[in-house]
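Results of the structural survey
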Amino acid sequence: MSMDSIMVHFHPDERVFVDRAMDWVNHAAENHEVRLTDFLDPRQAYILQTLVNRNPDVHMRLDGGSVNAERCRAIVAPDYVYLDGEEMDMQVLSIHSRDQKFAALEHSDYMGAVLGLGIKRDKIGDIHVSEEGCHVVVTADIAPFLDTHLRQVHRVPVMTELLPVEELRAMSTSFQMLNLSVASMRLDGIASDVFRLSRTKIVQPIKAGRCRVNWKNEEDPSTILRAGDIVSLKGFGRFKVIEIEGVTKKGRMRVSVGIYA
């Protein structure tokens, strides 16, 4: 099957990743190679799984350190390889501090601190923040560097240690709930209410390619959202459409939305 016939199923901006993922699958099938990827977001994992499913001689495994992990590493291998026995090469960077300001740190603070050390995003898995501190799932190759150099998060001094992934303190996703009354389920309408911006101001970043729906680029402001959809707008945040609860007497839709904390 040609690459052009495969690409009709994906966004043009995804071409680079699709090409790379296709190479992984072909090398597993033809050269009997085992490939361990860096962390993939759910959209990338879906693309890779789709390509693997097209080849009967290849299979894959996803693992992000916890049952409900959002970002996962993948192993792509010939179908005779026992994937559960393959090492996923992940470690947990445990971050803690005695500073009183430590408890106020958020997910974005930890992300910024790690990326600020020059680490690429695909080397970082899920970030689990709790009252006791923060556990960051990372690839094993960059774990020692982070353990040595991460000494501050948002100007708060911190200490770190490396743990096996089995000691990960996984946290469930927390939302700030918001109930909306909207005329329709259009992306621009929902996003403008969630981020408290005018329709005009919300349309600009969407058309500029800064929006993703279910990790897929979405540049059409009129796209209709459905329950379960996850929307991210670069520079503003991320939310999930939890439930469409019904229609009011005036014909407006009642929607519950969860804004990622």
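Please refer to the structure higher up on the page.
Remember, it's a predicted structure, so these values are computed and weren't measured experimentally. (Residues numbered from 1 in each chain as written. Predicted model: local features only at pLDDT ≥ 70, side-chain atom pairs only at ≥ 80, totals over all residues. Heavy atoms only, no water.)

**Comments concerning the sheet that holds strand β9 (residues 159-164)**
Test applied: The pairing criterion is simple: DSSP has to find at least two bridges between the two strands. Runs of H or I in DSSP of at least four residues are treated as helices and runs of E of at least two as strands, each being numbered from the N terminus. Lines fitted to the C-alpha atoms define the axes, with helices restricted to the stretch that makes contact. Angles between their N-to-C directions range from 0 to 180 degrees.
The four strands lie next to each other as β5-β6-β4-β9, forming an open sheet whose pairing is antiparallel. Two strands close off the open sheet at either side, each with one partner strand: β5 (124-130) and β9. Between one strand axis and the next, the sheet turns by 20° as a mean value, whatever way the strands run. Across six bridges, the pairing between strand β4 (residues 90-96) and strand β6 (residues 133-139) is antiparallel. Paired with Met 90 across the bridge in β6 is Thr 139.

**Side note on the packing of aromatic side chains**
Where we set the bar: When two rings of Phe, Tyr or Trp (its six-membered ring) have centres within 6.5 Å they constitute a pair, described as stacked for plane angles under 30 degrees, edge-to-face for angles over 60, and tilted for the intermediate range. Either the NZ atom of lysine or the CZ atom of arginine qualifies as a charge over a ring when it sits within 6 Å of the ring centre and within 35 degrees of the ring normal.
Enumeration over the complete set of coordinates arrives at five aromatic pairs. Where Phe 17 meets Trp 24, the ring centres are 5.9 Å apart and the plane angle is 85°; that geometry is what we call edge-to-face. Between Phe 102 and Tyr 110, the aromatic rings sit 6.4 Å apart at their centres with planes inclined by 85°, giving edge-to-face as the arrangement. Here the aromatic residues Phe 195, Phe 236 and Phe 239 are joined through ring pairs into a cluster of three or more. Of note, Arg 238 hangs over the ring of Tyr 260, and the distance from its end group to the ring centre comes to 3.9 Å.

**Notes on the pattern of salt bridges**
Note the threshold: Salt bridge, as applied in this entry: a Lys or Arg side-chain nitrogen positioned within 4 Å of an Asp or Glu carboxyl oxygen. Note on exposure labels: buried denotes an accessible area under 20% of the residue type's maximum, exposed denotes more than 50%, and partly exposed covers the range between, all computed with a 1.4 Å probe on protein chains only.
Scanning the model with the defined rule gives ten salt bridges in all. A salt bridge links Asp 19 to Arg 15; the nearest nitrogen and oxygen atoms lie 3.2 Å apart. Placement of the pair is Asp 19 and Arg 15 together in helix α2 (residues 15-30), with a separation of four residues, close to one helical turn. What makes Arg 15 partly exposed here is its relative accessible area of 33%. Each of the salt bridges in this network shares a partner with another, and the network as a whole consists of Asp 38, Arg 73, Lys 123 and Asp 141.

**Examining the layout of surface pockets**
To keep things clear, this is the line we draw: The method works on a 1 Å grid over the protein atoms by themselves. A cavity is a set of points holding a 1.4 Å probe that cannot get out, a pocket is an open set with protein on both sides within 12 Å along at least five of seven lines, and residues with an atom within 4 Å of a point line them. Grid points are joined across faces, edges and corners, and a volume is the space filled by probe spheres set on the points. Any residue outside Ala, Val, Leu, Ile, Met, Phe, Trp, Tyr, Cys, Pro, Asp, Glu, Lys and Arg is labelled polar, Gly included; the first ten of those are nonpolar and the last four are charged.
As a volume, the second largest pocket reaches approximately 160 Å³. Along the walls of the second largest pocket sit Arg 61, Asp 63, Gly 65, Asp 84, Glu 86, Glu 87, Met 88, Met 90, Val 165 and Glu 166, which together make up its complete lining. Residue composition of the lining of the second largest pocket, by class: three nonpolar, one polar and six charged.

**Here's the deal with helix α6 (residues 187-195)**
Of all the nine residues making up α6, eight are buried; the element is thus mostly covered by neighbouring parts of the structure. Three or more residues of α6 are buried, namely Leu 187, Asp 188, Gly 189, Ile 190, Ala 191, Ser 192, Val 194 and Phe 195. Among the residues trailing α6, Arg 196 stands out with phi positive, at a value near 55°.

**Observations concerning the sheet that holds strand β3 (residues 72-78)**
Let me state the cut-off plainly: In what follows, residue pairs with any heavy atoms lying within 4.5 Å of each other are defined as contacts.
Reading across from one edge, β1-β3-β2 is the order of the three strands in this open sheet, with antiparallel pairing throughout. Of all strands in the sheet, those with a lone pairing partner are β1 (35-40) and β2 (58-63), marking the two edges. Mean inter-strand twist for the sheet, computed between neighbouring axes without regard to direction, equals 20°. Here six bridges tie β2 to β3, and the two strands are oriented antiparallel to one another. Bridge assignment links Met 60 to a residue of β3, and that residue is Val 76. Across the sheet, α2 touches β1, β2 and β3, and the angle it forms with β3 is around 40°. Across the sheet, helix α3 (residues 42-53) lies against β1, β2 and β3, angled at about 160° from β2, the strand it touches most.

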